[in-house]
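For reference, the chains in residue letters:
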Amino acid sequence: MTDVSTRQPARARRSRTRMTAAERREQLIGIARELFAERGFEGTSVEEIAARAGVSKPVVYEHFGGKEGAYAVVVDRETQTLHNAIRAALTTPEAGSRELLERGAMALLDYIDRCPDGFRILSRDSSLGHPTGTFASILNDITVQVEDLLGLQFQRTGHDPALARLYAQALVGLVAQTGQQWLDHRDPPKEVVARHVINLAWNGMAHLQPDPQLVIETIDKRRTEDSA
């Protein structure tokens, strides 16, 4: 005869592990995020998402309609997280231009540090099936904000404000590319990375020439004249 008392705790344990629809959705999003980061969009399948979650494929289809739907949700969330962080950094009240650039650089590095899976997804292949969430689009939005900062700085220093976007693209690209390289090793610490990136960017900007020339232009011109 089976002891009922030994069966009830097991049933109770099983009932406690049942998830609500919202909880299951969050679990699937987290698992999809891990797989997309590990293997990319093309390398991930609905079967793998379902298997890792311990559910059947129809459960994944029920929540997202397929792999594309799960991917879109993951990209949307990561895009919003990064946008919010950068926006907060670049709208700090009463902050000067250098402080805002420093806060912007740290915001991106903080995101990479806290959300490496999300950053890998955004920077690798987030354009697939979701063009508004591409990393290039995110960087473009950041560039627009930095352009506004530099435009004001250029007006004060007598430089051409029309070139602010060019410099903004260079600065944002510098931080983003450095962040991508830093992601895999996390060395040196992100604070050190930010110090050196801003050191290069800001101190270079502090000595901008209004009409810069390339050394090779002078050399090539001289060689052309000598050979004439």
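- By the naming in an unreviewed UniProt entry, the chain goes by TetR family transcriptional regulator and is assigned to Tessaracoccus flavus.

Quick word on the overall build of the chain
And step 1. Looking only at helices and strands, the chain features eleven helices and zero strands.
And step 2. Mapped from its N terminus to its C terminus, the chain presents α and β elements in the order α-α-α-α-α-α-α-α-α-α-α.
And step 3. Split into buried and exposed, the 228 residues of the chain put 36% on the buried side.
And step 4. Relative to all contacts within the chain whose residues are 6 or more apart in sequence, the contacts with residues 24 or more apart total 63%.

Focus on helix α3 (residues 46-53)
And step 1. Restricting attention to buried positions, one finds in α3 the residues V46, I49, A50 and A53. Buried residues in α3, looked at end-on, bunch into an arc of 95 degrees, giving them a common side.
And step 2. Among the structural elements, α2 (21-39), α4 (57-64) and α5 (67-90) are those in contact with the buried residues of α3.
And step 3. At the C-terminal side of α3, G54 shows a positive phi close to 75 degrees.

A short note on helix α8 (residues 135-157)
And step 1. Under the 1.5 Å per step criterion, the end-to-end length of α8 is 32 Å for 23 residues, consistent within 8% with the ideal 33 Å.
And step 2. Residues F135, I138, L139, I142, T143, V146, L149, L150, G151, Q153 and F154 constitute the buried set of α8.

So, the pattern of salt bridges
Should the charged atoms of two oppositely charged side chains come close, the side chains can pair.
And step 1. Applying the stated rule across the entire model yields 14 salt bridges.
And step 2. A salt bridge links E99 to R103, with the nearest nitrogen and oxygen atoms 2.8 Å apart. Of this pair, E99 and R103 both sit in helix α6 (residues 97-114), four residues apart, roughly one helical turn.
And step 3. Given the relative accessible area of 40%, R103 is considered partly exposed.

Regarding the packing of α6 against helix α9 (residues 164-183)
And step 1. Running from N to C, α6 and α9 cross one another at 30 degrees; their axes reach a closest spacing of 10 Å. Here α6 is positioned roughly parallel relative to α9, judged by the angle of their axes. Crossing geometry of α6 relative to α9 is assigned as right-handed. Residue-level inspection shows L101, A105, L108, L109, I112 and D113 of α6 in contact with α9, the latter providing L171, V175, A176, G179, W182 and L183.
And step 2. A class-by-class count of the residues in the contact of α6 with α9 yields ten nonpolar, one polar and one charged.

Some thoughts on the nonpolar core
And step 1. Counting 60 residues, the largest nonpolar core has F36, V60, L82, L108, I142 and V146 as the members making the most contacts within it.
And step 2. If one sorts the elements of this core by residue count, α5 sits on top with nine residues.

Side note on the side chain of H159
And step 1. Of note, H159 is situated in the loop between α8 and α9.
And step 2. Excluding anything up to four places from it in sequence, H159 contacts F154, L208, Q209 and P210.

Some points on the environment of E38
And step 1. As for its position among the elements, E38 is in helix α2.
And step 2. With relative accessibility at 48%, the residue E38 sits in the partly exposed group.
And step 3. As for E38 and D117, which are separated by 79 residues in sequence, their C-alpha atoms are 7.8 Å apart.
And step 4. Once you skip the residues sitting within four places of it in the chain, E38 turns out to touch R52 and R124.
And step 5. A polar contact of 3.4 Å, which involves the side chain of E38, links it to the side chain of R52.

What to know about the side chain of S97
And step 1. Relative to the helices and strands, S97 is located in helix α6.
And step 2. Given the relative accessible area of 14%, S97 is considered buried.
And step 3. Leaving out residues up to four positions away in the same chain, S97 has contacts with L149, Q153, R156 and W202.

The rules behind the values
- Residues numbered from 1 in each chain as written.
- Predicted model: local features only at pLDDT ≥ 70, side-chain atom pairs only at ≥ 80, totals over all residues.
- Heavy atoms only, no water.
- Helix = DSSP H or I, 4+ residues; strand = E, 2+ residues; numbered from the N terminus.
- Buried < 20%, exposed > 50% of the residue type's maximum accessible area, 1.4 Å probe, protein only.
- Contact = heavy atoms within 4.5 Å.
- Arc of directions from axis to C-beta.
- Expected span 1.5 Å × (residues − 1).
- Salt bridge = Lys/Arg side-chain N within 4 Å of Asp/Glu carboxyl O.
- Axes fitted to C-alpha atoms, helices over the stretch in contact; angles between N-to-C directions.
- Parallel < 35°, antiparallel > 145°, perpendicular 65-115°, else oblique.
- Left-handed = near helix turned anticlockwise from the far one by under 90°.
- Nonpolar A, V, L, I, M, F, W, Y, C, P; charged D, E, K, R; others polar.
- Core = buried A, V, L, I, M, F, W, Y, C linked by side-chain atoms within 4.5 Å.
- Polar contact = N/O pair within 3.5 Å; in protein donor to acceptor, adjacent residues only side chain to side chain.

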